[in-house]
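Spelled out from the first residue to the last, the chains are:
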Amino acid sequence: MTMSTMEAALAETIGAIGAPDFVPRVADALCRFSGFELSAAFLHRPRDGGEALAEDFSRVGCRAGIDNYARQTYRINPMLAALRGDGAVRARDFARTALRADPAVLPFLVHAPEEELGYRTLGWPERQEEVCLYFRGWGGIVELGFYRERARSAAPERTIAALNASGRPIAAAFERHRALGGTIEWRGRLTPREREVCDLLLRGCSSEAIALRMAISRHTVKDHRKQIFRKLRVGSIAELFAMAR
């Protein structure tokens with residue numbers, strides 16, 4: 001992965017404002033600056049919980065980890081829990097944080113002493129070094145996470161300092177993007193299976209037709225439809241059509 005300067009990353013961020021793929025472009029620019037391999041972006045709202053805005057874990061077969069974190073394990077993320085202001089943090093600095101008890105989250109955890117936090121989310125790639133940038137925006141807290149195999153040396157202090165310094169201009173770019181009516185690529189919030197169901201819904205297929213075409217039960221179709229509506233924050237097929245247009 002090609003390294004870049006923070007100035008270049010900020011220039012890419014500004015250039016992406018208003019584009020449908022704004023969030024993944026910002027995440028990728030900061031990931032390249034940091035010298036990491038994978039990136040993901042989440043929005044944590046006080047009432048609605050976590051939501052994946054962008055990710056490139058799909059290319060390594062770990063999209064399930066993104067979904068499990070966004071829906072469940074973000075609740076026990078010690079970095080998010082300790083947040084007092086905007087800034088960048090390293091997971092390794094929270095290695096001794098006591099795991100908060102949350103029975104609902106336990107099925108989505110893999111306890112492993114070799115991980116930075118002593119556990120990883122089910123479906124997450126193993127042995128990852130993690131650095132996250134947090135800032136307030138979009139009605140909640142935005143999390144930009146960067147990941148790579150732990151065989152390398154830890155991210156240097158200068159990288160953390162540069163990410164900290166970039167927090168305010170990145171947050172301002174996010175707000176500018178939203179003010180201009182910019183959106184995120186909504187299909188990126190869905191799993192591949194959910195995207196398939198969504199595409200069939202947009203073609204006018206009924207639940208029965210989707211079940212037959214995909215060789216799944218009507219109940220499974222309804223579950224997918226429920227998740228699609230929840231993730232895209234729509235309440236009807238009409239709203240789904242409007243978003244797609």
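Quick look at the structure, then. (Residues numbered from 1 in each chain as written. Predicted model: local features only at pLDDT ≥ 70, side-chain atom pairs only at ≥ 80, totals over all residues. Heavy atoms only, no water.)

### Considering the overall build of the chain
Part 1 of the argument: When you go through the chain residue by residue, the secondary structure sums to nine helices and seven strands.
Part 2 of the argument: Relative to the 2.2 N^0.38 estimate, which gives 18 Å for 245 residues, the radius of gyration of the chain is 19 Å and therefore close to what a compact globule would have.
Part 3 of the argument: Reported as C-alpha extents along the three principal axes, the dimensions of the chain are approximately 55 × 40 × 35 Å.
Part 4 of the argument: For the chain, the accessible area works out to roughly 12,000 Å², and carbon and sulfur atoms hold 52% of it.
Part 5 of the argument: Seen as two clouds, the 37 positive and the 30 negative side-chain charges of the chain have centres 4 Å apart. (Helix = DSSP H or I, 4+ residues; strand = E, 2+ residues; numbered from the N terminus. Rg over C-alpha atoms; globule rule 2.2 N^0.38 Å. Areas by Shrake-Rupley, 256 points an atom, 1.4 Å probe, with all protein chains shown as cover. Lys, Arg positive; Asp, Glu negative; His and termini not counted. Charge placed at Lys NZ, Arg CZ, Asp CG, Glu CD.)

### Considerations on the nonpolar core
Part 1 of the argument: The biggest cluster of nonpolar side chains holds 31 residues, and the ones touching the most others in it are Val 23, Leu 30, Phe 135, Leu 144, Leu 163 and Phe 174.
Part 2 of the argument: Within the residue set of this core, elements represented by two or more residues are helix H1 (6–16), helix H2 (22–34), strand S1 (38–45), strand S2 (49–55), strand S6 (128–137), strand S7 (140–149) and helix H5 (157–179).
Part 3 of the argument: The next biggest cluster of nonpolar side chains, apart from the first, holds 25 residues, and it includes Ala 70, Phe 94, Ile 141 and Tyr 147. (Core = buried A, V, L, I, M, F, W, Y, C linked by side-chain atoms within 4.5 Å. Buried < 20%, exposed > 50% of the residue type's maximum accessible area, 1.4 Å probe, protein only.)

### Overview of the sheet that holds S1
Part 1 of the argument: Strands sit in the order S2-S1-S7-S6-S3 across an open sheet of five strands; the sheet is antiparallel. Here the strands that pair on one side only, and so sit at the sheet edges, are S2 and strand S3 (87–90). Pairwise comparison of adjacent strand axes, ignoring direction, gives a mean angle of 25 degrees for this sheet.
Part 2 of the argument: Looking at chain direction, S1 and S2 are connected through six bridges and run antiparallel. Across the sheet, the residue bridging to Ala 41 is Ala 54, located in S2.
Part 3 of the argument: Taken strand by strand, helix H3 (residues 63–71) contacts S1, S2 and S7, and its axis lies near 150 degrees from that of S2. (Pairing = 2+ DSSP bridges. Axes fitted to C-alpha atoms, helices over the stretch in contact; angles between N-to-C directions. Contact = heavy atoms within 4.5 Å.)

### Things to note about the packing of aromatic side chains
Part 1 of the argument: Going through the model one piece at a time under the given rule, you end up with eight aromatic pairs.
Part 2 of the argument: A ring pair is formed by Phe 135 and Phe 174, whose centres lie 5.1 Å apart and whose planes are at 70 degrees; its orientation type is edge-to-face. Taken as a pair, Phe 135 in strand S6 and Phe 174 in helix H5 lie far apart in primary sequence, 39 residues in all. Across the pair, Phe 174 and Phe 135 agree in class, each one buried.
Part 3 of the argument: In this structure an aromatic cluster arises from ring pairing among Phe 42, Phe 57, Tyr 69, Trp 124 and Tyr 147.
Part 4 of the argument: In this arrangement the basic side chain of Arg 178 is found over the ring face of Trp 138, its NZ or CZ atom lying 4.2 Å from the centre. (Phe/Tyr/Trp six-rings, centres within 6.5 Å; stacked < 30°, edge-to-face > 60°. Lys NZ or Arg CZ within 6 Å of the ring centre and 35° of its normal.)

### Notes on the side chain of Arg 148
Part 1 of the argument: Its location among the elements puts Arg 148 in strand S7.
Part 2 of the argument: Within polar-contact distance, the side chain of Arg 148 engages the backbone oxygen of Gly 35 at 3.2 Å. (Polar contact = N/O pair within 3.5 Å; in protein donor to acceptor, adjacent residues only side chain to side chain.)

### Focus on the pairing of S1
Part 1 of the argument: Across the eight residues of S1, eight count as buried, placing the element largely inside the fold.
Part 2 of the argument: What you see with S1 is no split at all: Leu 38, Ala 40, Phe 42 and His 44 on one side and Ser 39, Ala 41, Leu 43 and Arg 45 on the other are buried throughout.
Part 3 of the argument: Bridge count for S1 against S7 is seven bridges, and the pairing is antiparallel. Each residue of the ladder has a partner; that of Ala 41, found in S7, is Leu 144.

### Details of unusual backbone geometry
Part 1 of the argument: The phi angle at Trp 138 is positive, at roughly 55 degrees, despite the residue not being glycine.
Part 2 of the argument: Secondary-structure assignment places Trp 138 in the loop between S6 and S7.
Part 3 of the argument: Overall, the relative accessible area of 8% leaves Trp 138 in the buried class.
Part 4 of the argument: With a phi close to 60 degrees, Ala 215 is a non-glycine residue in the positive phi region.
Part 5 of the argument: Along the chain, Ala 215 falls in the loop between helix H7 (207–214) and helix H8 (218–232).
Part 6 of the argument: Take Ala 215: its relative accessible area is 67%, and that puts it in the exposed class.

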